[in-house]
Every structure is written in structure tokens, then in C-alpha cells.
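Tertiary structure, described
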Amino acid sequence: MTDASVNEYTPDHEKEDAGDLLASSGGGPKTQIIAIYGKGGIGKSFTLSNLSYMMAQQGKKVLLIGCDPKSDTTSLLFGGKACPTIIQTASAKKEAGEEVRVEDVCFMRDGVFAMELGGPEVGRGCGGRGIIHGFETLEKLGFHDWDFDYVLLDFLGDVVCGGFGLPIARDMCQKVIVVASNDLQSLYVANNVCSAVEYFRKLGGNVGVAGMVTNKDDGTGEAQAFCKAVGIPELASIPAHDDIRRKSANYEIIGYPDGEWGPLFGQLATNVAESPPHQPTPLSQDGLLELFSGDDVGRDVVLKPATQADLCGVDHQPKPSLEVIYDAV
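Presented here is a report on the structure given in the accompanying data block. These figures come from a predicted structure and were not determined experimentally.

**Some points on helix H9 (residues 262-274)**
- In this model, H9 (13 residues) spans 18 Å end to end at C-alpha, consistent with the 18 Å of a helix rising 1.5 Å per residue.
- Regarding H9, the residues found buried are Gly 262, Phe 265, Gly 266, Leu 268, Ala 269, Val 272 and Ala 273. Buried residues of H9, viewed axially, fall in a sector of 160°; they line one side.
- Where the residues of H9 are buried, they touch strand E1 (32-38), helix H1 (44-57), strand E5 (150-156), strand E6 (175-180), strand E7 (208-217) and strand E8 (234-239).

Laid out in C-alpha cells, this is it:
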């Protein structure tokens, strides 16, 4: 690495599986590959665009890869402009009898390199399979020879799918970061990601959770309580501030070193670099609900079992079984 201050996490073992598409090759440049997960709409794209921009301003060489079929990871970085996805470009090039080139799918802004894997048309394919195809294309484009300090992978966290779980399942990254807020659904997704990390570590995996970014923090404290309960640090708290909301909606970068929010993203960049992979202890469903007040989650509701009479009406009469019972021979 070009910066000696970057803490490198070296797995206990290097897998030879061909599925390790993003594993650093032996003797090659050491790169921190970090997978970011979170609920759709929670602000991963906003967080990563500003984080990658800040890292580049600090002199780091950063590659941001959108691994979400919505292909919106890089939109804020490029001022709202969508860049061609790897999957769409590869399909068009194949029909034309041509090969995909790096310059067809990788674009730059102020030192940040970025690309989108993309996904299939709605209802016409598997998003997870699209992710796998995109990674295979990256390998053909020479990913193992690229020299980056950081590669940030933006994954949709709602989908419990093998394709989206590849970085955790196959040690394709060194650590995971989750983005959440003070709401049950985003923390549910964060807890699922922690569960996936725990599961694959039991199978011999090495990926850990570096921590969580709390976005749109309104100060109610559920996200901080979650971090404490599962045993991961909070890497940053991005406030629910109207200036941030407006600028994000207008596709404006706010992670400038000399800007109002520069210190926040500067500290986040440092924390992302230095936080080691932690082994989380995911919560049970009841444990997750305990983070919220009873009024918010309906904890006082009692589950009442339904009967056949309830389902069929008060005049329901049990009918004899049509099952044929044969006498023992």
C-alpha cells in the first residue's frame, strides 16, 4: 500500500476457490476491500459517494463499485448522471461481437474511480446472478492487477441471496460495514448482515464487521444501542439535518475537506480505514424489538391462536377423514 497508516487485515487462510473473484492475488498490491450493506433507501449511496470523495481528497486511490441492481451508487458522485453498467455494456458488446474495455464501464471524478455492476431487467432475471456475472467481468478486465488503496462495494442488504452474500461467503472482502438508522427495518437488515457474518465465520470464513454508520440520526439512540448490543463500533453518526437532505436530493457532494461536513466525513474515512473486523453477536427477533419502546413495536399484543371454527365460521362441523387405513398384512 502507498499509505503506511492503513491497517491491513490478512485472512488466516487464502482460498483457492475460483469464486474468490475479488481476492487480492499473492504478491500483488494489498488493498482494503470493504463491502457496505444496508436497507434499500437508507443512504448507502449518499454515504459512499461522500466517503469515497473524501478519501480521494486525502490522497487515497479509491474504487467505488455499485453492486445494486438499481445502479444508483454512483449517481450522487456524478451529479445525478447515470453511468453505463457492466452488465448492460457487456450484453451490448457481445451482440456487436466486441469485448468490454475498462474505459467502457469505469469513470472518474476528482480522483475517485467508479463503476456500476447493474442488474437484469425487471422480472427477467436474478439480481444475485447478475452480481456474479459482473464480478467475473471485473476479473477479465484485470481487477487483480489494479492498484487501489480501497475498493468499496455497495450491496443491497434487504435481499437474502447468495449473489449478494458473495463477499461474506467467499472472503472476497476483508470487512463489512453496515449503514442503518434509528428504525426497526434498517436495524433488522443490519442484524441479518451480522448473522451472515457469524454463520460464515463458523464455516471458516474470515470476514468481520468493521462497524456501522448511522444515517439520518434523529438522536433517539436505537442505532447506538444496537451497536453496543451486537458488539460493533459506530463509525459515524450523520445527523438528520435539512442541509444534508437538500444537498443529497440535488446530487451534491458534501464530503469536501474544507466544507461544513468535511470533519464528519474525514473522521469517517479514518475510522473506516482503521477499524478492525469484529465478530458480531446478532440479536434474536425479540432482542431486536427490545431496542424500541413498546408503543413503537406493539410489544403488549398477545398472539391468540386461530381455530378451524374461526376460519370457517360458527357453524363449522368437522368432517370425517378421507384417508384410507389398511389393516396390517
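**Digging into the sheet that holds strand E3 (residues 107-109)**
- The eight strands are arranged E3-E4-E2-E5-E1-E6-E7-E8 in an open sheet whose pairing can be described as mixed. Two strands lie at the open edges of the sheet, namely E3 and E8, each paired on one side alone. Neighbouring strand axes in the sheet, compared pairwise and without regard to direction, differ in orientation by 20° on average.
- Contacting E1, E5, E6, E7 and E8, H9 crosses the sheet at an angle of about 160° to E8.

**A short note on unusual backbone geometry**
- Positive phi, close to 55°, is recorded for Lys 216, a residue that is not glycine.
- Structurally, Lys 216 can be placed in strand E7.
- For Lys 216, a relative accessible area of 43% gives the class partly exposed.
- Even without glycine at this site, Tyr 251 takes up a positive phi of about 60°.

**A look at the pairing of E5**
- Across the seven residues of E5, seven count as buried, placing the element largely inside the fold.
- Alternating positions in E5 separate into two faces, Tyr 150, Leu 152, Asp 154 and Leu 156 on one and Val 151, Leu 153 and Phe 155 on the other, with burial throughout.
- In the sheet, E1 pairs with E5 via seven bridges, with the strands oriented parallel. Paired with Ile 33 across the bridge in E5 is Val 151.

**Quick word on the packing of aromatic side chains**
- All chains considered together, the criterion is met by eight aromatic pairs.
- Here Phe 113 and Phe 148 contribute two aromatic rings whose centre-to-centre distance is 5.3 Å and whose plane-to-plane angle is 80°, an arrangement assigned as edge-to-face. One end of the pair, Phe 113, is in strand E4 (residues 112-116); the other, Phe 148, is in the loop between helix H4 (127-140) and E5, with 35 residues separating them in the sequence.
- Judged by relative accessible area, which is 6%, Phe 148 ranks as buried.

Cut-offs applied
Residues numbered from 1 in each chain as written. Predicted model: local features only at pLDDT ≥ 70, side-chain atom pairs only at ≥ 80, totals over all residues. Heavy atoms only, no water. Helix = DSSP H or I, 4+ residues; strand = E, 2+ residues; numbered from the N terminus. Expected span 1.5 Å × (residues − 1). Buried < 20%, exposed > 50% of the residue type's maximum accessible area, 1.4 Å probe, protein only. Arc of directions from axis to C-beta. Contact = heavy atoms within 4.5 Å. Pairing = 2+ DSSP bridges. Axes fitted to C-alpha atoms, helices over the stretch in contact; angles between N-to-C directions. Phe/Tyr/Trp six-rings, centres within 6.5 Å; stacked < 30°, edge-to-face > 60°.

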